[in-house]
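Okay, here's what each chain looks like letter by letter:
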Amino acid sequence: MKNTVRILGVDFVNSTLFEFLNTLSGHLEREEKTFVVTANPEIVMKVREDANYRAVVEKANYVTADGIGVVKAAGLLGRPLPERVTGFETFMGLLQIANEKGYSIYLLGAQDEVLQKTVTEIMTQFPNVKIAGAHHGFFDWNDDHIPNEIQRTKPDLIFTALGVPRQELWIGQNMDKFEKGVFMGIGGSFDVLAGAVQRAPEFWQKMNLEWAYRLMKQPSRWKRQLSLPHFALKVIQQKVTGKHE
Ligand code: UDP
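All of these numbers come straight from a predicted model, not from anything done at the bench.

Engineer: So what exactly am I meant to see when it comes to the overall build of the protein chain here?
Structural biologist: When helices and strands are tallied, the protein chain shows 12 helices and 8 strands. Overall size of the protein chain, expressed as C-alpha extent along the three principal axes, is 50 × 40 × 35 Å. Split into buried and exposed, the 245 residues of the protein chain put 48% on the buried side. Taking the intrachain contacts of the protein chain between residues at least 6 apart in sequence as the baseline, contacts between residues at least 24 apart amount to 75%. Only carbon and sulfur atoms are counted for the fraction: they give 52% of the accessible area of the protein chain, which is about 12,300 Å². Within the protein chain, the 28 negative side-chain charges are centred at a point lying 6 Å from the centre of the 29 positive side-chain charges.

Here it is, written out as structure tokens:
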């Protein structure tokens, strides 16, 4: 049985990034289809509010704590999670594994220019990784071109960088069409790898203030961060009532 911690109805995998990458490495070796969601408080709140999104996240094999808010909540509820397991770091770890084992990847998402830069960057930093295919993130969902290409090329790893909730919805809608693959939505990670968006400097990350840095750099994000106080309130309610929903 998987060791998980339930926060507001979402079961988070209880492992460090290193342990989690080892787990995924096993799935890759055995060619087991696996769906990973890296969830921050915004995603937890979206799961609670949107039944369609909830149904998709429930299909995931693993939900990781991508956000200091989730780690803090786990501590407050007396079932601590060891650390954040972010989309970007899991993505980089998986690329490293793919580089060691010669796995193939499919990249779906971001603006075409960002995507091309991401492909070049991966080819430079991880030369043994095979690029099965790549497609920008502004496509017609009714067009079968992308799933057909994935069926044909059978990549080991499929990364969707379409933002929340599209990246998980796309996986939920399409993964049944494929025989294998580790599927994971990774938000703006292509933009970071391509150098189009900077991650917060280490100091901000260490102080758990990455969210504040992002808000400063992209003020238009303020609306989505409104879910944070709501999340905190619900966690406190869970603690008080002891109900795990
Ligand atoms: N994106 C995309 N298709 C869309 C909307 C967004 O490929 O229809 C890409 C966008 O270019 C960016 C990534 O999704 O590379 C993440 O976007 P955002 O910052 O909104 O995601 P979040 O922070 O919610 O993960």
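Engineer: Got a minute to help me understand the site of the ligand in this structure?
Structural biologist: Not every one of the 16 residues close to the ligand is listed here, only the nearest: Ala110, Gly137, Asp191, Arg221 and Arg224. The backbone of glycine 163 places a nitrogen or oxygen atom 3.3 Å from an oxygen atom of the ligand. A per-class count over the shell around the ligand returns 5 nonpolar, 6 polar and 5 charged.

Engineer: Can you walk me through the pattern of salt bridges in this structure?
Structural biologist: Any two side chains of opposite charge can pair, so long as their charged atoms come close to each other. Taken as a whole and judged by the stated rule, the model has 14 salt bridges. As a salt-bridge pair, glutamate 31 and lysine 180 come within 3.5 Å of each other at their nearest N and O atoms. With glutamate 31 in the loop between helix 1 (17-29) and strand 3 (34-39) and lysine 180 in the loop between helix 8 (166-174) and strand 8 (182-185), this pair connects stretches of sequence that are 149 residues apart. What makes lysine 180 buried here is its relative accessible area of 16%.

Engineer: Please clarify how the nonpolar core should be interpreted in this entry.
Structural biologist: The nonpolar side chains of a soluble globular protein tend to be buried, and buried together. If you look at the biggest cluster of nonpolar residues, it comprises 38 residues, and the most contacted ones within it are Ile7, Phe12, Val63, Leu81, Trp170 and Phe231. Every residue in contact with tryptophan 170, bar those within four places of it in the chain, is listed here: Leu108, Phe139, Trp141, Ile146, Pro147, Ile150, Ile158, Thr160, Leu162 and Phe178. Within the second largest apolar cluster, 35 residues are counted, among which are Leu95, Ile97, Phe190 and Ala194.

Engineer: So what exactly am I meant to see when it comes to helix 6 (residues 112-125) here?
Structural biologist: Every α-helix winds through 3.6 residues per turn, so residues three or four apart in the chain are directed the same way. Relative to the 20 Å expected for 14 residues at 1.5 Å per residue, helix 6 spans 20 Å between its end C-alpha atoms, a close match to the ideal helical length. Where helix 6 is concerned, the buried positions are Val114, Leu115, Thr118, Val119 and Ile122. One face of helix 6 carries all of its buried residues, which in axial projection span an arc of 140°. Exposed side of helix 6, more than 90 degrees from the buried face: Glu113 and Thr124 are the residues found there. Buried residues along helix 6 sit against helix 5 (87-101), strand 5 (104-109), strand 6 (130-135) and helix 9 (189-193).

Engineer: Which parts of the structure should I look at to understand the packing of helix 4 (residues 68-76) against helix 12 (residues 227-241)?
Structural biologist: Pairs of packed helices are described in terms of their axes, by the angle between the two and the distance that separates them. Between helix 4 and helix 12, whose axes approach to 10 Å, the crossing angle comes to 15°. Here helix 4 is positioned roughly parallel relative to helix 12, judged by the angle of their axes. In this structure, the crossing between helix 4 and helix 12 has a hand that is right-handed. Contact with helix 4, carried on its side by Gly69, Val70, Ala73 and Leu76, involves Phe231, Val235, Ile236 and Lys239 of helix 12 and no other residues of that element.

Engineer: How should I be thinking about the packing of aromatic side chains in this particular structure?
Structural biologist: Each aromatic ring pair is characterised by the separation of its centres together with the angle its planes make. Applying the stated criterion across every chain, the model contains 6 aromatic pairs. Summarising the aromatic geometry, the rings of phenylalanine 20 and tyrosine 62 are spaced 5.4 Å apart at their centres and angled 75° between planes, so their arrangement reads as edge-to-face. Linking phenylalanine 20 in helix 1 with tyrosine 62 in strand 4 (residues 62-65), this pair joins segments that are 42 residues apart in sequence. Across the pair, exposure class does not vary: phenylalanine 20 and tyrosine 62 are buried alike. Between phenylalanine 91 and phenylalanine 159 the ring centres are 4.7 Å apart and the planes differ by 70°, which places this aromatic pair in the edge-to-face class. A residue pair is termed long-range when its members are at least 10 positions apart, and phenylalanine 91 in helix 5 and phenylalanine 159 in strand 7 (residues 157-161) qualify at 68 residues. In this structure phenylalanine 91 comes out as buried when scored by relative accessible area, which is 0%. Linked through ring pairs, Phe91, Phe159 and Phe190 together constitute an aromatic cluster.

Parameters and conventions
- Residues numbered from 1 in each chain as written.
- Predicted model: local features only at pLDDT ≥ 70, side-chain atom pairs only at ≥ 80, totals over all residues.
- Heavy atoms only, no water.
- Helix = DSSP H or I, 4+ residues; strand = E, 2+ residues; numbered from the N terminus.
- Buried < 20%, exposed > 50% of the residue type's maximum accessible area, 1.4 Å probe, protein only.
- Contact = heavy atoms within 4.5 Å.
- Areas by Shrake-Rupley, 256 points an atom, 1.4 Å probe, with all protein chains shown as cover.
- Lys, Arg positive; Asp, Glu negative; His and termini not counted.
- Charge placed at Lys NZ, Arg CZ, Asp CG, Glu CD.
- Near = heavy atom within 4 Å.
- Polar contact = N/O pair within 3.5 Å; in protein donor to acceptor, adjacent residues only side chain to side chain.
- Nonpolar A, V, L, I, M, F, W, Y, C, P; charged D, E, K, R; others polar.
- Salt bridge = Lys/Arg side-chain N within 4 Å of Asp/Glu carboxyl O.
- Core = buried A, V, L, I, M, F, W, Y, C linked by side-chain atoms within 4.5 Å.
- Expected span 1.5 Å × (residues − 1).
- Arc of directions from axis to C-beta.
- Axes fitted to C-alpha atoms, helices over the stretch in contact; angles between N-to-C directions.
- Parallel < 35°, antiparallel > 145°, perpendicular 65-115°, else oblique.
- Left-handed = near helix turned anticlockwise from the far one by under 90°.
- Phe/Tyr/Trp six-rings, centres within 6.5 Å; stacked < 30°, edge-to-face > 60°.

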